[in-house]
Amino acid sequence: EALEMILSPECPADEELEDEKFLSLYQEATDLYGLIHSRYILTPRGLALMRERMFQGRFGQCPRVFCQAQNTVPIGLSDDLKVSRVKIFCPKCGDVYVPKKKCADVDGAYFGSAFPHILLYTYPDLSPEPPKLGFEAKIYGFKLHKKAETKQLSLPEEKPAPGKENEELQVKEVPEKGKKSKGKKGKKGGPLASNN
């Protein structure tokens, strides 16, 4: 029935769109069409069409500054349905991003996880050189030393609640009946008490 719905030239009526059974069938037809699409774009004709769409910038540009608005292609993080939404792959930096356009509600399986790599392998001229520029940390125009980049700032200690500034956490050991616990230097029952 899903295949018949895909091949039918008729649009669904308003009453049908309110029927739960019809909506379930409609979703199955949409998923079937998406999986057929994922196979079609891997054919020579499909790859040629997707190449043209990439040149036209139909899938958006890479949001990374150093990629200089490189055109992207769609990618699915999984080949299974209902796992993740479609993302965009930048051939320049080789990273995956969330698309800004309205296609973000499309299932990633409709494109598949291998599509960008097959496209770039088929058309090597689409593979740009990696970005030559990268972000370089500077303070007042001076480059940071390598050791400074690896150190992390420690978070400030939490301030005690008002009225509890002088309270300290004390660990007390409960002595057995009839025995007294001794701490260091002969002090009885202090926070460093032990059973020696």
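Note that the structure is predicted; figures quoted are calculated from it, not measured.

Engineer: I tried to follow the overall build of the protein on my own but got confused; where do I start?
Structural biologist: Check the secondary structure of the protein and you find six helices and five strands. Overall, the protein shows an N-to-C arrangement of helices and strands of α-α-α-α-β-β-β-α-β-β-α. Residues classed as buried in the protein amount to 26% of the 196 residues present. Surface exposure of the protein reaches about 15900 Å², of which carbon and sulfur atoms provide 55%.

Engineer: Would you mind going over the packing of helix α4 (residues 44-56) against helix α5 (residues 115-122) with me for this structure?
Structural biologist: Where α4 contacts α5, the axes come no closer than 11 Å and their chain directions differ by 90 degrees. As the angle between them shows, α4 and α5 are arranged roughly perpendicular. From α4, L47, M50, R51 and M54 reach across to α5, where they touch F115, I118, L119 and T122. Its residues assigned to classes, the contact of α4 with α5 shows six nonpolar, one polar and one charged.

Engineer: How should I be thinking about a negative patch on the surface in this particular structure?
Structural biologist: A cluster of acidic residues, E10, D14, E15, E16, E18, D19 and E20, forms a negative patch on the protein surface. Checked against the element boundaries, E18 lands in the loop between α2 (14-17) and α3 (20-40). Judged by its relative accessible area of 66%, E18 is exposed.

Engineer: Would you take a moment to explain α4 for this structure?
Structural biologist: Residues that lie three or four places apart on an α-helix share one face, since the helix turns once every 3.6 residues. An ideal rise of 1.5 Å per residue puts 18 Å on 13 residues; α4 measures up with 19 Å between its terminal C-alpha atoms. All of the buried residues in α4 are G46, L47, M50, R51 and M54. Projected down its long axis, α4 shows its buried positions confined to an angular sector of 140 degrees, all on one face. Against α3, β1 (73-75) and α5 lie the buried residues of α4. Two residues or fewer after α4 comes G57, characterised by a positive phi angle close to 75 degrees.

Engineer: Would you explain unusual backbone geometry in this entry?
Structural biologist: Leaving glycine aside, a negative phi is the common case for residues, and trans is the common case for peptide bonds. Even without being glycine, Q68 reaches a positive phi, approximately 55 degrees. Looking at the secondary structure, you find Q68 in the loop between α4 and β1. By relative accessible area, which is 58% here, Q68 ends up exposed.

Engineer: Even after reading the chapter, I still don't get α5, so can you show me in this structure?
Structural biologist: Burial in α5 covers these residues: F115, P116, L119 and L120. Considered in projection along α5, the buried side chains sweep an arc of 125 degrees and stay on one side of the axis. For α5, the secondary structure elements touched by its buried residues are α4, β1 and β2 (87-89).

Engineer: So what exactly am I meant to see when it comes to the pattern of salt bridges here?
Structural biologist: This structure, assessed with the given rule, holds three salt bridges. Among the ionic pairs, K82 bridges to D31, the shortest N-O distance being 2.7 Å. One end of the pair, K82, is in the loop between β1 and β2; the other, D31, is in helix α3, and 51 residues separate them in sequence. Of the residues examined, K82 reaches a relative accessible area of 59% and is grouped as exposed. With its nearest N and O atoms 2.5 Å apart, the salt bridge here joins D125 to R51. Taken as a pair, D125 in the loop between α5 and β4 (138-139) and R51 in helix α4 lie far apart in primary sequence, 74 residues in all. When its relative accessible area of 18% is taken as the criterion, R51 is described as buried. Each of R51, E52 and D125 takes part in a single network of salt bridges with overlapping partners.

Rules and cut-offs
- Residues numbered from 1 in each chain as written.
- Predicted model: local features only at pLDDT ≥ 70, side-chain atom pairs only at ≥ 80, totals over all residues.
- Heavy atoms only, no water.
- Helix = DSSP H or I, 4+ residues; strand = E, 2+ residues; numbered from the N terminus.
- Buried < 20%, exposed > 50% of the residue type's maximum accessible area, 1.4 Å probe, protein only.
- Areas by Shrake-Rupley, 256 points an atom, 1.4 Å probe, with all protein chains shown as cover.
- Axes fitted to C-alpha atoms, helices over the stretch in contact; angles between N-to-C directions.
- Parallel < 35°, antiparallel > 145°, perpendicular 65-115°, else oblique.
- Contact = heavy atoms within 4.5 Å.
- Nonpolar A, V, L, I, M, F, W, Y, C, P; charged D, E, K, R; others polar.
- Patch = residues over 30% accessible without salt bridge, like charges linked within 9 Å, V, L, I, M, F, W, Y side chains within 5 Å.
- Salt bridge = Lys/Arg side-chain N within 4 Å of Asp/Glu carboxyl O.
- Lys, Arg positive; Asp, Glu negative; His and termini not counted.
- Charge placed at Lys NZ, Arg CZ, Asp CG, Glu CD.
- Expected span 1.5 Å × (residues − 1).
- Arc of directions from axis to C-beta.

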